Amino acid sequence: MRRKCTDSLIYWKKNPGRKPLILQGLRQTGKTWLLMDFGNKQYEHTLYINLETDRSATDYLSVPHDPQEVLLFLETCAGKPLRPASSLLILDNIQCIPQISTLLTSIVLDFPQYHIASIYKGVVNSDSFSVHDFDILTLYPLDFEEFLWANRIADPVIDMLKKCLQKETPVPEALHNRMKQLLLQYVVVGGMPDAVQTFVDTKQMDEVLQIQRDIVRSYEDDMVKYAEKKDKSRIKECFQSIPKQLSKENKKFQYSVVKKGSTASKYAGSLQWIEDA
């Protein structure tokens, strides 16, 4: 699947002043797939370690170690050679280790020749991950142009559409009708990669709907997993009110829609948790 963010990754690789990369974004936007695809196409070796599932790696990296020892450990853990310039090291779910930023900056300070990319589920805390120490990219769901690419609309066609928009000239009727159809499909399918790929492969909306439901369920699972116990129910209530909030003519978030008689003092923190996640 073609993504615009790939161009930024290639620029990062070629930049002699590169810093450790952090690819942040919502769950299910394709962060892991994108970095793995980038690594497999741009490097001889791609080393991948998931800190959410690999407890031995998480436990080891949670305490201070010499940077060279850390690189040797990660190489052994991944089972592939870690070489300057020709290897990409991917650390997934770095949010599982609060002090990971200190570790990464110390490694790059001593060994800047290594290419290290990390995946952060959500949005990084600027207090822990400074733009002075990290190159931070955000991966969003597919936009409409990426949706067109997924549906095999050729670049010359898209370029012609852009020119028509820029010059404010009519689009040929047949193409206009096809674009209207695709736009309607995009509105229904959305931009989550799994849903888009399923739609492209099957054209079965019931399968797409099931994937969309699974994604929503995974978000709710995260609320149960990561939120404070006292806040879980209110966070979930705020999240589940979003469709009703969007259906209103007044798009301002209204706490009374969450629960009758509710106020900002009760739910503002829960709403902020969803935004920060």
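All values derive from a computational prediction rather than experimental measurement.

Student: Can you help me understand the overall build of the protein chain in this one?
Tutor: Helix and strand content of the protein chain: 14 helices and five strands. Along the first, second and third principal axes, the C-alpha set of the protein chain runs to 60 × 55 × 35 Å. By residue count, 41% of the 277 residues in the protein chain fall in the buried class. Of the contacts made within the protein chain by residues no fewer than 6 positions apart, 70% connect residues no fewer than 24 positions apart. When the accessible surface of the protein chain is split by element, carbon and sulfur atoms take 54% of a total near 15700 Å². Here the protein chain holds 36 positive side-chain charges and 35 negative ones, and the gap between their average locations is 6 Å.

Student: Please clarify how the environment of Asn250 should be interpreted in this entry.
Tutor: Tracing the backbone shows Asn250 in the loop between helix H12 (242-247) and helix H13 (255-258). Here Asn250 falls in the partly exposed class, since its relative accessible area comes to 42%. For the pair Asn250 and Leu139, spaced 111 residues apart in sequence, the C-alpha to C-alpha distance is 29 Å. Separated by 3.1 Å, the side chain of Asn250 and the backbone nitrogen of Lys252 make a polar contact.

Student: Hey, could you run me through the pattern of salt bridges in this one?
Tutor: Here the structure, examined in full by the defined rule, presents 15 salt bridges. Sharing partners across several salt bridges, the network here consists of Lys4, Asp143, Glu145 and Lys162.

Student: What is the right way to read a nonpolar patch on the surface from this model?
Tutor: A contiguous nonpolar surface patch, about 460 Å² in accessible area, is contributed by Leu183, Leu184, Val187, Val188 and Met205. With four residues, helix H8 (residues 173-189) is the single largest residue contributor to the nonpolar patch. Looking at the element boundaries, Leu183 is found in helix H8.

Student: In this structure, what is going on with the packing of helix H10 (residues 205-226) against helix H11 (residues 232-240)? I would like to understand it.
Tutor: Axes are the key here: two packed helices are described by the angle between their axes and the distance separating the axes. The contact between H10 and H11 brings their axes to 9 Å, and the two run at 155 degrees. By the angle between their axes, H10 is roughly antiparallel relative to H11. Crossing hand, H10 versus H11: right-handed. In this structure, H10 contributes Val216, Tyr219, Glu220, Met223 and Val224 to the contact, and H11 contributes Lys232, Ile235, Lys236, Phe239 and Gln240. Looking at side-chain class alone, the contact of H10 with H11 contains six nonpolar, one polar and three charged residues.

Student: I keep staring at the nonpolar core and nothing clicks. Help me out?
Tutor: Among soluble globular proteins, nonpolar side chains are generally buried collectively. Judged by nonpolar contacts, the single largest core of 31 residues is most densely connected at Phe147, Met179, Val189 and Val196. At the level of secondary structure, the elements contributing two or more residues to this core comprise helix H6 (144-150), helix H7 (155-167), H8, helix H9 (193-202), H10, H11, H13 and helix H14 (264-276). Leaving out residues up to four positions away in the same chain, Val196 has contacts with Met1, Leu142, Phe147, Ala150, Val189, Gly190 and Gly191. Counting 27 residues, the second largest nonpolar core, distinct from the first, contains Ile22, Ile97, Leu104 and Tyr114.

Student: Even after reading the chapter, I still don't get the packing of aromatic side chains, so can you show me in this structure?
Tutor: Each aromatic ring pair is summarised here by two numbers: the centre-to-centre distance and the angle between the ring planes. Applying the stated criterion across every chain, the model contains eleven aromatic pairs. Here Tyr60 and Phe73 contribute two aromatic rings whose centre-to-centre distance is 3.9 Å and whose plane-to-plane angle is 20 degrees, an arrangement assigned as stacked. Taken together, the positions of Tyr60 in helix H3 (residues 55-61) and Phe73 in helix H4 (residues 67-78) put the pair 13 residues apart, joining distant regions of the chain. Ring geometry for Phe147 against Tyr186: centres 5.2 Å apart, planes inclined by 55 degrees, an arrangement best described as tilted. Here the residue Phe147 occupies a position in helix H6, and Tyr186 occupies one in helix H8, the gap between them amounting to 39 residues. Owing to a relative accessible area of 0%, Phe147 belongs among the buried residues under this scheme.

Student: Just checking my understanding: could you explain H11 for this structure?
Tutor: Residues separated by three or four positions in an α-helix point in the same direction, a consequence of the helix having 3.6 residues per turn. When we look at burial in H11, the residues that qualify are Ile235, Cys238 and Phe239. Projected down its long axis, H11 shows its buried positions confined to an angular sector of 100 degrees, all on one face. In the core, the buried residues of H11 are packed alongside H10, H12, H13 and H14.

Student: Please explain the packing of H9 against H10 as it appears in this structure.
Tutor: In the contact formed by H9 and H10, the axes pass within 9 Å of each other and the chain directions differ by 170 degrees. In terms of orientation, H9 lies roughly antiparallel with respect to H10. Between H9, through Asp194, Ala195, Thr198, Phe199 and Thr202, and H10, the contact on the second element is made entirely by Met205, Glu207, Val208 and Ile211. When the residues that make up the contact of H9 with H10 are grouped by side-chain class, the tally is five nonpolar, two polar and two charged.

Student: Teacher, can you tell me more about the sheet that holds strand E5 (residues 135-138) here?
Tutor: Strand order in the open sheet formed by five strands is E2-E3-E4-E1-E5, and the pairing between neighbours is parallel. Only two strands of the sheet have a single partner each, and these edge strands are strand E2 (45-50) and E5. Averaged over all neighbouring strand pairs, the angle between strand axes comes to 20 degrees, with direction disregarded. Inspection of the sheet shows strand E3 (residues 87-92) paired to strand E4 (residues 115-121) by four bridges, in the parallel sense. Residue pairing across strands places Leu88 opposite His115, the latter belonging to E4.

Scoring rules and cut-offs
Residues numbered from 1 in each chain as written. Predicted model: local features only at pLDDT ≥ 70, side-chain atom pairs only at ≥ 80, totals over all residues. Heavy atoms only, no water. Helix = DSSP H or I, 4+ residues; strand = E, 2+ residues; numbered from the N terminus. Buried < 20%, exposed > 50% of the residue type's maximum accessible area, 1.4 Å probe, protein only. Contact = heavy atoms within 4.5 Å. Areas by Shrake-Rupley, 256 points an atom, 1.4 Å probe, with all protein chains shown as cover. Lys, Arg positive; Asp, Glu negative; His and termini not counted. Charge placed at Lys NZ, Arg CZ, Asp CG, Glu CD. Polar contact = N/O pair within 3.5 Å; in protein donor to acceptor, adjacent residues only side chain to side chain. Salt bridge = Lys/Arg side-chain N within 4 Å of Asp/Glu carboxyl O. Patch = residues over 30% accessible without salt bridge, like charges linked within 9 Å, V, L, I, M, F, W, Y side chains within 5 Å. Axes fitted to C-alpha atoms, helices over the stretch in contact; angles between N-to-C directions. Parallel < 35°, antiparallel > 145°, perpendicular 65-115°, else oblique. Left-handed = near helix turned anticlockwise from the far one by under 90°. Nonpolar A, V, L, I, M, F, W, Y, C, P; charged D, E, K, R; others polar. Core = buried A, V, L, I, M, F, W, Y, C linked by side-chain atoms within 4.5 Å. Phe/Tyr/Trp six-rings, centres within 6.5 Å; stacked < 30°, edge-to-face > 60°. Arc of directions from axis to C-beta. Pairing = 2+ DSSP bridges.

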